[in-house]
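Inside the fold
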Amino acid sequence: MAEEAILGYLAKNEEIADSGEFAAKHGLDHDDVVNVIKSLHGFQYVDAQDIKRETWVLTDEGNMYAAAGSPEGQLFFAVPAEGGIPREELQKKLSPLVFKIGCAQAAKNKWVDMGKQVSRKVKHVEDRVKDLLLQIKDGQVIDQDDIKALKGRKLIAPQTWNGYSVKKGPSYAPQRKKFVADLTREMLQSGDWKNLEFKEYNFNAKGQPIEGGHLHPLNKVRHQLRMIFLQMGFEEMPTDRFVESSFWNFDALFQPQQHPARDAHDTFYLKAPSTTKELPEDYVERVKRVHESGGYGSRGYDYNWSRDEANKNLLRTHTTAVSSRMLYMLAQKPFTPKRYFSIDRVFRNEAVDRTHLAEFHQIEGLICDRGLTLGDLIGVLHDFFSRLGMAKLRFKPAYNPYTEPSMEIFSYHEGFGKWVEVGNSGMFRPEMLLPMGLPEDVRVIAWGLSLERPTMILYGINNIRDLFGHKVDLGLIKINPICGLGV
Ligand code: PHE
């Protein structure tokens, strides 16, 4: 509408002198007119010059009086034409502000006699203040003295008005041409392209923001940990086996079959396939024997070991299941020392809360060599954890069925100002290593920790459900830092 009006007007006239007057004359909204002028100017259909004008607008108080009359006017009309009215009664008829200003102004105008009794001094009055306010509201120009007076009474305030004067521009046409953005097959076939005008390339346009991939914090911390292990000369173990047999997850680790951790409360057992297909039979036999009656200097657990129990499939409860397979495989060849690590997912049937999920990730490291001692384990743990920024360590005796001695690892957290548990460790028992066939003087030192714990500390996340699972906010993954100091 506004565009047609402007271009049409310029076809017959030299210029639009004032966009404000033009809008008023054509019944258009001035903001619309201004927007169209800016757009036409951008495409050089018109030349436009800024016009700035100081105008006046009514204040809230001014608006009130424009509607209800000035205070002096209201006061005058509240006084009866004949006789008069006691001052207190008049006061009750008006608002306190209107009464106060009204008295002063009406007396100054000599409209009323102010005493105990208020009475009219003149027959008729003209409420000029109200009329002037209405004129200003209407956009009319009024006398400078009147402006001064109204401004003095804070009934009007200045405002800058912006508009344009407009002439034809170098690309003027009575109608805007549509530029074509894309060259199509049809245009080429029909030959239409010859008559069309194409939109210029805008090399300054920003283009679509690129949504690249974003790594999850767990992926980033896993990568950093992997680098640390590789720098320390560790090889990564193959962990692509979420479903494991009870045998490798528990029995091979000398974990008795009545152990509470095997209980369905902690372990997810599989319905189908419910059992494993094959196990190395001679090794199974040695594991059965060590559980039932010991050997290698051990008394065993003295119970009837069940093959059915060992065959049961489960979701692995720790990555130590992978370590037991790897050590068994290592024992089948002439011995070479090894440093192994793994970082992958494990599953436990636990009640989910702000620090526990039914699935999480474990980081595990182990070194297998002749004659290793607990001192070696402590030394390696210091090396490993100081690379994570945790130089202050303490150890507490602990129990695992497959390690002896076992130690919980604590690190002093400067931010929290206290010791926090960061992992579990130990030396694998002879009851685990010797049935595999490893040489008698070979010792294995090992440790494990969760990937979630250091990640949460590093990224300041205190509810694990914000880090992993279906409630995670994808925005968090998009905005978290690409890299960080510390781990
Ligand atoms: N498997 C143990 C756990 O799940 C961690 C661990 C690994 C402990 C190796 C000792 C040695 O907590």
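Residues numbered from 1 in each chain as written. Predicted model: local features only at pLDDT ≥ 70, side-chain atom pairs only at ≥ 80, totals over all residues. Heavy atoms only, no water.

1. Overview of the packing of helix α8 (residues 128–137) against helix α9 (residues 144–152)
- One way to put it is that α8 packs onto α9 with a least axis distance of 11 Å and a crossing angle of 100°. With respect to their mutual orientation, α8 and α9 come out roughly perpendicular. Contacts from Arg 128, Val 129, Leu 132, Leu 133 and Ile 136 of α8 reach α9 at Asp 146, Ile 147 and Leu 150.
- For the contact of α8 with α9, the residue count by class is 6 nonpolar, no polar and 2 charged. (Axes fitted to C-alpha atoms, helices over the stretch in contact; angles between N-to-C directions. Helix = DSSP H or I, 4+ residues; strand = E, 2+ residues; numbered from the N terminus. Parallel < 35°, antiparallel > 145°, perpendicular 65-115°, else oblique. Contact = heavy atoms within 4.5 Å. Nonpolar A, V, L, I, M, F, W, Y, C, P; charged D, E, K, R; others polar.)

2. Comments concerning the environment of Asn 311
- When you line up the elements, Asn 311 lands in helix α14 (residues 307–311).
- Between the C-alpha atom of Asn 311 and that of Asp 251, which follows or precedes it by 60 residues, the distance is 10.0 Å.
- Excluding residues within four positions of it along the chain, Asn 311 makes contact with Ser 274, Thr 275, Thr 276 and Leu 279.

3. Observations regarding the environment of Gly 139
- Relative to the helices and strands, Gly 139 resides in the loop between α8 and α9.
- Separated by 82 residues in sequence, Gly 139 and Val 57 have C-alpha atoms that sit 8.7 Å apart.

4. Focus: the site of the ligand
- Within the structure, the ligand sits among His 318, Thr 320, Arg 348, Gln 362, Glu 364, Asn 400, Tyr 402, Asn 424, Ser 425, Ala 446, Trp 447 and Gly 448.
- Contact distances for the ligand include 3.2 Å between a nitrogen atom and a side-chain N or O atom of His 318.
- Arg 348 has a polar side-chain atom sitting 3.0 Å from an oxygen atom of the ligand.
- Burial of the ligand by the protein chains amounts to 90% of its free accessible area of 320 Å². (Near = heavy atom within 4 Å. Polar contact = N/O pair within 3.5 Å; in protein donor to acceptor, adjacent residues only side chain to side chain. Areas by Shrake-Rupley, 256 points an atom, 1.4 Å probe, with all protein chains shown as cover.)

5. Description of the sheet that holds strand β6 (residues 156–168)
- In spatial order, the strands read β1-β6-β2; together these 3 strands make up an open sheet with antiparallel pairing. The sheet is open, and its two edges are formed by β1 (15–16) and β2 (46–58), each paired on a single side.
- Bridge count between β2 and β6: 13 bridges; the pairing is antiparallel. Within β6, the residue paired with Trp 56 across the bridge is Pro 158.
- Along the sheet, α8 contacts β2 and β6; its crossing angle with β2, the most-contacted strand, is approximately 160°. (Pairing = 2+ DSSP bridges.)

6. Here we look at the nonpolar core
- The biggest cluster of nonpolar side chains holds 36 residues, and the ones touching the most others in it are Leu 225, Ile 363, Leu 381, Phe 384, Phe 385 and Trp 447.
- When residues of this core are traced back to their parent elements, those giving at least two are α11 (217–231), β10 (338–347), β11 (359–370), α16 (374–387), β13 (403–413), β14 (418–428), β15 (442–450) and α18 (452–459).
- In contact with Ile 363, not counting residues within four places along its chain, are Leu 225, Phe 229, Ser 342, Ile 343, Phe 384, Trp 447, Gly 448, Leu 449, Ser 450 and Leu 451.
- Listed in part, the 31 residues of the second largest apolar core include Met 326, Leu 330, Tyr 340 and Tyr 402. (Core = buried A, V, L, I, M, F, W, Y, C linked by side-chain atoms within 4.5 Å. Buried < 20%, exposed > 50% of the residue type's maximum accessible area, 1.4 Å probe, protein only.)

7. Remarks on the packing of helix α1 (residues 2–12) against helix α3 (residues 30–42)
- Between α1 and α3, the shortest axis-to-axis distance is 9 Å and the interhelical angle comes to 65°. Remark: the crossing between α1 and α3 carries right-handed chirality. Across the interface between the two elements, Ala 2, Glu 3, Ile 6 and Leu 7 from α1 touch Asp 32, Val 33, Val 36, Ile 37 and Leu 40 from α3.
- Here the residues of the contact of α1 with α3 are counted per class, giving 7 nonpolar, no polar and 2 charged. (Left-handed = near helix turned anticlockwise from the far one by under 90°.)

8. Details of helix α5 (residues 71–78)
- With 6 of its 8 residues buried, α5 lies for the most part within the structure.
- Those residues of α5 not exposed but buried are Pro 71, Glu 72, Gly 73, Leu 75, Phe 76 and Ala 78.

9. A closer look at the sheet that holds β10
- The 7 strands are arranged β7-β10-β11-β15-β14-β13-β12 in an open sheet whose pairing can be described as mixed. The outermost strands of the open sheet, each flanked by one partner alone, are β7 (235–236) and β12 (393–400).
- Pairing between β7 and β10: 2 bridges, direction parallel. In the strand pairing of β10, Glu 235 is matched with Tyr 340.
- α11 contacts β7, β10, β11 and β15 of the sheet and is inclined by roughly 165° relative to β10.
- Against the sheet, helix α15 (residues 320–331) makes contact with β10, β11, β14 and β15, and its axis sits at roughly 30° relative to β11, the strand it touches most.

10. Concerning the packing of aromatic side chains
- For the structure on display, the rule yields 21 aromatic pairs.
- Arranged with centres 6.0 Å apart and planes meeting at 70°, the rings of Phe 76 and Trp 111 form a pair that is edge-to-face. With a gap of 35 residues between them, Phe 76 in helix α5 and Trp 111 in the loop between α7 (96–108) and β4 (112–113) connect regions that are remote in the sequence.
- The buried category is assigned to Phe 76, whose relative accessible area is 1%.
- Taken together, a centroid distance of 5.5 Å and an interplanar angle of 55° make the contact between Trp 248 and Tyr 328 tilted. Of this pair, Trp 248 sits in helix α12 (residues 246–249) while Tyr 328 sits in helix α15; the two residues are 80 residues apart in sequence, bridging distant segments of the chain.
- Note on Tyr 328: relative accessible area 12%, which makes it buried.
- Over the face of the ring belonging to Trp 161 we find Arg 53, whose NZ or CZ atom lies 4.3 Å from the ring centre.
- For Lys 312, the ring lying beneath its charged end belongs to Tyr 269, and the centroid distance is 5.6 Å. (Phe/Tyr/Trp six-rings, centres within 6.5 Å; stacked < 30°, edge-to-face > 60°. Lys NZ or Arg CZ within 6 Å of the ring centre and 35° of its normal.)

11. Here's the deal with a nonpolar patch on the surface
- A contiguous nonpolar surface patch, about 450 Å² in accessible area, is contributed by Leu 183, Leu 188, Trp 193, Leu 196 and Phe 198.
- With respect to the element layout, Leu 188 can be found in helix α10 (residues 185–190). (Patch = residues over 30% accessible without salt bridge, like charges linked within 9 Å, V, L, I, M, F, W, Y side chains within 5 Å. Salt bridge = Lys/Arg side-chain N within 4 Å of Asp/Glu carboxyl O.)

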